[in-house]
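Coordinate inspection notes
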Amino acid sequence: MQKISVSLREQPFYINRFSGYHPSMATHHLHQDYEIYYLSKGERIYIINGEEYLVKNQHLVFIDKNVIHKTVKKSNQLYERMVINFRECFLSLGEQHIVKQLFENGPYIISIPQNKRELINTIIMRLFEEYQKNLKERDMYLRSLLSQLLIESNRLIEDACPLEKMKVSGQQDNTGKNEIEKIITFINNNFTSDISLGVLSYHFHVNEQYISRLFKKYTGCSFIEYLNAIRINEAKRYLIHTSLKVNQIAGKVGYSNHVHFWRVFKRNTGMSPNQFR
């Protein structure tokens, strides 16, 4: 069984910077945000839907929402990266066509041309600096900078020669994509309830086997693996930030049987809830 984690962020825009010798990510993960990965120094192996790709200095990676991925170390050399996550609601309707080209038609890995590196780096650094502040109209400014980054990135894809860009996968069959996005949103909003394939089948008027196939096709994992990943991720938050007992946490994240919760937690994290705490 493949170990995955699911990120459920409340904010519609998020940016994170790292510089150092961080090892490989422990698990694959996915989220309902679009992701831009900018490697400004070093090399990493990027795994997207089970396929490995070498990401080098001054590369951009564009990952659609609900695509399973992770990065692993290429060597012990230092690397620096920025990760930007955002949702559709953060942008205006007029910018949606650019998002579609960059993410839904990809994923893409782009080598930034020499004459564009300073510009791209400046936009991303301004995004990071503004995100750290809590100034008036911050979101408006972030939205403006993100729009610039998306426009410049889309131009790079349109102008790049084959050696400067890589489409991670060939022609994609997007049958069921809208359905799986609605199903995943429903799960993310109701994972603390008694949810099952039967519940999803009844709610979305499709059979259970079809839902299972959609999950495997678009997330690389099964429905139960996805559901457990969300619940365990939330349980970790309770274990870190509250003093609730383990059986209370089990109930809060959707498990009626705390023994089953303990087993799932150990299988997903390699340790018991008490050891994690």
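This text gives an overview of the structure that appears in the document. All of these numbers come straight from a predicted model, not from anything done at the bench.

1. What about helix H2 (residues 117–132)?
For H2, with 16 residues, the first-to-last C-alpha span of 23 Å sits near the 22 Å given by 1.5 Å per residue. Among the residues of H2, those classed as buried are Ile120, Ile123, Ile124, Leu127, Phe128, Glu130 and Tyr131. Packing partners of the buried residues in H2 comprise strand S2 (13–20), strand S4 (34–41), strand S7 (59–63), strand S9 (79–86) and helix H3 (138–159).

2. Here's the deal with the environment of isoleucine 98
Tracing the backbone through its elements, the reader meets isoleucine 98 in helix H1 (residues 96–104). When the C-alpha atoms of isoleucine 98 and histidine 29 are compared, they prove to be 25 Å apart, with 69 residues separating the residues in sequence. Each residue touching isoleucine 98, except ones within four places of it in the same chain, is listed here: Leu150, Ile151 and Asn154.

3. Some points on the packing of H2 against H3
The contact between H2 and H3 brings their axes to 10 Å, and the two run at 160°. Put simply, H2 runs roughly antiparallel to H3. For H2 against H3, the interelement crossing comes out left-handed. Between H2 and H3, the residues in contact are Leu119, Ile120, Ile123, Ile124, Arg126, Leu127, Glu130 and Tyr131 and Arg138, Tyr141, Leu142, Leu145, Leu146, Gln148, Leu149, Glu152 and Leu156, respectively. Residue classes in the contact of H2 with H3 are distributed as 12 nonpolar, 1 polar and 4 charged.

4. Observations concerning the environment of serine 212
You can see serine 212 is positioned in helix H6 (residues 208–219). Here serine 212 falls in the partly exposed class, since its relative accessible area comes to 32%. Remark: the alpha-carbon pair of serine 212 and serine 222, spanning 10 residues in sequence, is separated by 6.5 Å.

5. Quick look at the layout of surface pockets
Here the largest pocket defines a volume of roughly 1200 Å³. Together, 45 residues line the largest pocket, and Ser5, Val6, Ser7, Arg9 and Asn233 are the ones closest to its centre. Considering every element that reaches the lining of the largest pocket, the biggest residue donor is helix H7 (residues 223–241), with 8 residues.

6. Focus: the nonpolar core
Counting 32 residues, the largest nonpolar core has Phe13, Ile36, Ile84, Phe86, Leu127, Leu146 and Leu150 as its most contacted members. Counting only elements with at least two residues in this core, the list comes to S2, S4, S7, S9, H1, strand S10 (108–111), H2 and H3. The biggest single contributor to this core is H3, with 7 residues. Among all residues touching phenylalanine 86, those that are not within four sequence positions of it are Pro12, Phe13, Asp33, Tyr34, Ile36, Leu91, Val99, Phe103, Leu146 and Leu150. Counting residues in each nonpolar core, the second largest holds 23 residues, with Ile4, Ile187, Phe191 and Phe215 among its members.

7. What to know about the pairing of S9
Counting buried residues along S9, 7 of its 8 residues qualify, which places the element largely inside the surrounding structure. Where S2 lies against S9, 8 bridges are found, and the strand directions are antiparallel. Paired with tyrosine 14 across the strands is asparagine 85, a residue of S9. Pairing of S4 with S9 involves 7 bridges; the strand directions are antiparallel. Bridge pairing in S9 links leucine 39 to arginine 81.

Calculation notes
Residues numbered from 1 in each chain as written. Predicted model: local features only at pLDDT ≥ 70, side-chain atom pairs only at ≥ 80, totals over all residues. Heavy atoms only, no water. Helix = DSSP H or I, 4+ residues; strand = E, 2+ residues; numbered from the N terminus. Expected span 1.5 Å × (residues − 1). Buried < 20%, exposed > 50% of the residue type's maximum accessible area, 1.4 Å probe, protein only. Contact = heavy atoms within 4.5 Å. Axes fitted to C-alpha atoms, helices over the stretch in contact; angles between N-to-C directions. Parallel < 35°, antiparallel > 145°, perpendicular 65-115°, else oblique. Left-handed = near helix turned anticlockwise from the far one by under 90°. Nonpolar A, V, L, I, M, F, W, Y, C, P; charged D, E, K, R; others polar. 1 Å grid on protein atoms, 1.4 Å probe; cavity = no way out; pocket = protein on both sides within 12 Å on 5 of 7 lines; lining within 4 Å. Points joined across faces, edges and corners; volume = space filled by probe spheres on them. Core = buried A, V, L, I, M, F, W, Y, C linked by side-chain atoms within 4.5 Å. Pairing = 2+ DSSP bridges.

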